[in-house]
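# An overview of the molecular structure
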Amino acid sequence: MKGYVATPAWVVDLMVAKLFADGPPAPEARILDPGSGRGAFIDGITRWCVARGLSLPRITAVESDPRHAAYLRTRYAAVPAIEIQERDFLTSMVGQYDYIIGNPPYVGLAGLSEAERSQYRTAFHTAQGRFDLSSLFFEQSLRVLGPLGRMVFITPEKFLYVQSAAPLRSLLSEMRVEELHFLSESTFEKLVTYPIITTLSRMEGRQTTRVITRQGETTLATLRGSRSWLPSVQGFATQGSSHTLSDVAMRISCGVATGADGVFVVPAADLDSHLRCFAYPTIAGRDLSGGEISLRKNVMLLPYTREGDLIPESDLEALGQYLGCPWRRKKLLSRTCVRKKPWYAFHETPPLADLLRPKLLCKDICAEPFFVADRSGAVIPRHSVYYIVPQEPAQINALADYLNSPAAATWLRAHCQRAANGFLRLQSHTLKQLPLPADLAIELGASPLTTTRWAA
């Protein structure tokens, strides 16, 4: 199985302890180790049983990689309780198990072939959007988990909040999610995954979930439905709001993606005078600091009209000569977007009619969210910047004040995805859901009859 990552022994022992927290397994109990790799969980279960003088229960290790499977067969050949099955866990799995423990492979959509994507989307409810294999491992494991079964997985934490994992959260809501244990981001050494150990079962009982934070604190959360679980996990009380940021903004989006900033973004000082009519000031996320826009004297050359229409190649004149330089043209032709677009077009067509208006800007990844006003509307944000175009430009200061308020910051910290080193990852779908006070929303142009939306 692609995406194999070895699980540290101390993590294995922690997970085995959680697996048997309600008592030792009976000798006839069946345990499944899907994607067994080199047998770390087999060894962990063996250590747990030997330490307590217990017989080893029946363990089935499923591994699709022939090299790992051969290693496992050789290593455990003398242990009758251990069965090694060389097969793809996701495509050929039958039977029922009392316990399931594992570390699903870390493989995103980009790591799958078109044939695999199609196959999985047909076979799995959780294979929606930009799914990854860990969601499929959850779903497949639940299919073979017995009526009173218990399961412990370690995965990246992102299934708690990413949109693509909404079907998985819905599926897990039908289970008894007993515990979420956040581990250090350095658990897997150089691989930053923000790991979390999830313990769940089919047993009736507790409706709340115990949460162990990375700081070692223990809290309780109620997890329901397909919406992001992050607010509940972080102790943020989800509140209803009649108005959200999307009600007062005509556009909330990520900045321009050219697919070749090295060609289209140039120092203003080096700009040929004949190219000035195509040039607009531009910023990246690093240019937003201290609540101010730091224009680093870079400009973006746009082969588009102010309305966002691509200029015909015959009318590009000086810009056509600039882009047609052999090394620049070669770079532009190497982009995937030119399969369906003219060779000089941007990777994504810029919505200039909206972009060239007064707007608020924020970094896509930041330690704390903050918003900066581009009152002139002249700045073109690049792909590491999000922008918010208010319906009423005259209210940009009022909107900026609220977005930079403690209330907005608290909401964003509770709802945004996490990036490396605990930074927040701001995204348009999250920003659109940011609740607004009713009086501010009306002041900013929202209808008083807006249908209630619930924070996610």
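Throughout, a residue's number is its position along its own chain's written sequence, starting from 1. Where local features are concerned, this predicted model is filtered to residues with pLDDT of at least 70; where side-chain atom pairs are given and counted, the filter is 80 or more; whole-chain, interface and lining totals use all residues. Computation of side-chain values: all heavy atoms of the structure, hydrogens and water removed.

## Some details on the overall build of the chain
Condition: Runs of H or I in DSSP of at least four residues are treated as helices and runs of E of at least two as strands, each being numbered from the N terminus. The buried label applies to any residue whose accessible area, calculated with a 1.4 Å probe on protein chains only, is under 20% of its type's maximum; exposed applies above 50%, and partly exposed to all values in between. Whether two residues are in contact is decided by their heavy atoms, any of which lying within 4.5 Å being enough. Accessibility throughout is a Shrake-Rupley quantity obtained with a 1.4 Å probe, and a residue counts as covered only by protein chains that appear here. In this count, Lys and Arg are taken as positive residues and Asp and Glu as negative ones, while His and the chain termini are left out. A single reference atom marks each charge: NZ on Lys, CZ on Arg, CG on Asp, CD on Glu.
Looking only at helices and strands, the chain features 15 helices and 24 strands. Viewed in the frame of its principal axes, the chain has a C-alpha envelope of about 80 × 55 × 35 Å. In the chain, buried positions account for 51% of the 456 residues. Look at the contacts in the chain between residues 6 or more apart in sequence, and 71% of them connect residues 24 or more apart. As displayed, the chain has an accessible area near 20500 Å², and 51% of this comes from carbon and sulfur atoms. Charged side chains of the chain number 50 positive and 43 negative; the gap between the two group centres comes to 3 Å.

## Quick notes on the pattern of salt bridges
Quick note on the threshold: By definition, a salt bridge exists where a carboxyl oxygen of Asp or Glu is found within 4 Å of a side-chain nitrogen of Lys or Arg.
Under the counting rule described, the total for this entry stands at 17 salt bridges. When the shortest N-O distance is used, the salt bridge between Arg-75 and Asp-43 registers 2.8 Å. Taken together, the residues Arg-75 in helix α3 (residues 66–75) and Asp-43 in helix α2 (residues 40–51) connect sequence positions 32 residues apart. Overall, the relative accessible area of 39% leaves Arg-75 in the partly exposed class. Relative accessible area serves as the criterion here: at 17%, Asp-43 is assigned to the buried category.

## Let's talk about the packing of aromatic side chains
Selection criterion: Each Phe, Tyr or Trp ring, with Trp reduced to its six-membered ring, pairs with another whose centre is within 6.5 Å; inter-plane angles below 30 degrees give stacked pairs, above 60 give edge-to-face pairs, and intermediate values give tilted ones. Working rule: Lys NZ or Arg CZ, within 6 Å of ring centre, within 35 degrees of ring normal, means a charge sits over the ring.
Inspection of the entire model under this criterion finds 10 aromatic pairs. Between Phe-89 and Phe-137 the ring centres are 5.1 Å apart and the planes differ by 45°, which places this aromatic pair in the tilted class. With Phe-89 in the loop between β3 (82–86) and β4 (97–102) and Phe-137 in helix α5 (residues 133–144), this pair connects stretches of sequence that are 48 residues apart. Side by side, Phe-89 and Phe-137 carry an identical accessibility label, which is buried. Residues Phe-138 and Phe-159 carry aromatic rings whose centres are separated by 5.5 Å and whose planes lie at 50° to one another, so their mutual orientation is tilted. Within this pair, whereas Phe-138 is found in helix α5, its partner Phe-159 is found in the loop between β5 (145–156) and α6 (166–172), the two being separated by 21 residues in sequence. Note on accessibility: Phe-138 and Phe-159 belong to one class, buried. Linked through ring pairs, Phe-20, Trp-48 and Tyr-99 together constitute an aromatic cluster. Looking at Arg-30, its charged tip hangs above the ring of Tyr-97, at a distance of 4.4 Å from the centre.

## Focus on the sheet that holds strand β12 (residues 265–267)
Put simply, the rule reads: Strands are labelled as partners when DSSP assigns at least two bridges between them.
Ordered in space as β12-β16-β13-β20, the 4 strands form an open sheet in which the pairing is mixed. Two strands lie at the open edges of the sheet, namely β12 and β20 (380–381), each paired on one side alone. Bridge count between strand β13 (residues 279–283) and strand β16 (residues 298–301): 3 bridges; the pairing is antiparallel. For Pro-281, the partnering residue across the bridge sits in β16 and is Val-299.

## Focus: the pairing of strand β21 (residues 385–390)
Most of β21 sits out of view: 6 of its 6 residues are buried. Residues of β21 alternate between two faces, with Val-385, Tyr-387 and Val-389 on one and Tyr-386, Ile-388 and Pro-390 on the opposite face, all of them buried. Sheet topology note: the strand β11 (residues 249–254)/β21 ladder contains 5 bridges and is antiparallel. Bridging from a neighbouring strand, Cys-254 pairs with Tyr-386 of β21.

## Structural notes on the side chain of His-181
Selection rule: Definition of a polar contact: a pair of N or O atoms within 3.5 Å, with one able to donate and the other able to accept a hydrogen when the atoms are protein atoms, and with sequence-neighbouring residues admitted only if both atoms are side-chain atoms.
Here His-181 is to be found in strand β6 (residues 176–182). Polar contacts involving the side chain of His-181 include one to the side chain of Lys-18, which spans 3.1 Å. The residues contacting His-181, other than those within four sequence positions of it, are Leu-14, Lys-18, Pro-195, Ile-196, Ile-197 and Ile-212.

## Focus on the packing of helix α1 (residues 9–19) against α2
Using the following cut-off: All axes are obtained by fitting lines to C-alpha atoms, using only the stretch in contact for helices, and the reported angles, taken between N-to-C directions, cover 0 to 180 degrees. Comment on the angle field: the value is read as roughly parallel under 35 degrees, roughly antiparallel over 145, roughly perpendicular from 65 to 115, and oblique elsewhere. In this scheme the handedness of a crossing depends on how the near helix is turned from the far one: anticlockwise by less than a right angle means left-handed, clockwise means right-handed. Gly is put with the polar residues, along with every residue not named as nonpolar or charged; the nonpolar set is Ala, Val, Leu, Ile, Met, Phe, Trp, Tyr, Cys and Pro, and the charged set is Asp, Glu, Lys and Arg.
Their axes nearest at 9 Å, the elements α1 and α2 cross at an angle of 60°. It follows that α1 is oblique to α2 by the angle criterion. Handedness of the crossing formed by α1 with α2: right-handed. In this structure, α1 uses Ala-9, Val-12, Asp-13, Met-15, Val-16 and Ala-17 to contact α2, whose residues at the interface are Ala-40, Phe-41, Gly-44, Ile-45, Arg-47 and Trp-48. Its residues assigned to classes, the contact of α1 with α2 shows 9 nonpolar, 1 polar and 2 charged.

## Brief notes about the environment of Thr-199
As for its position among the elements, Thr-199 is in strand β7 (residues 195–201). For Thr-199, a relative accessible area of 1% corresponds to the buried category. Residues Thr-199 and Leu-180 lie 19 residues apart in sequence; the distance between their C-alpha atoms is 6.6 Å.

## Overview of the sheet that holds strand β22 (residues 417–418)
Taken together, the 3 strands give an open sheet; going across it, the order is β18-β23-β22, and neighbouring strands pair in antiparallel fashion. One side of each edge strand has no neighbouring strand; the edge strands of this open sheet are β18 (365–366) and β22.

## Observations regarding the environment of Gly-445
With respect to the secondary-structure elements, Gly-445 resides in the loop between α15 (438–443) and β24 (453–454). Assessed through its relative accessible area of 39%, Gly-445 is described here as partly exposed. Spatially, the C-alpha atom of Gly-445 lies 6.8 Å from that of Glu-392, the residues being 53 residues apart in sequence.

## Remarks on the confidence of the model for the chain
Here is the rule: You can read pLDDT as the predictor saying how much it trusts each residue, on a scale of 0 to 100.
Looking at the chain as a whole, the pLDDT averages 89, with 93% of positions reaching at least 70. Here β24 stands out as the least confident element of the chain, with mean pLDDT 34; β4 is the most confident, with 97.

## Some thoughts on the pairing of β4
With 5 of 6 residues buried, β4 lies mostly within the body of the structure. Bridge count between strand β1 (residues 30–34) and β4: 2 bridges; the pairing is parallel. Each bridged residue has a counterpart across the sheet, and for Leu-32 the counterpart in β4 is Ile-100. Across 5 bridges, the pairing between β4 and β5 is parallel. If you follow Ile-101 over to β5, its bridge partner there is Val-152.

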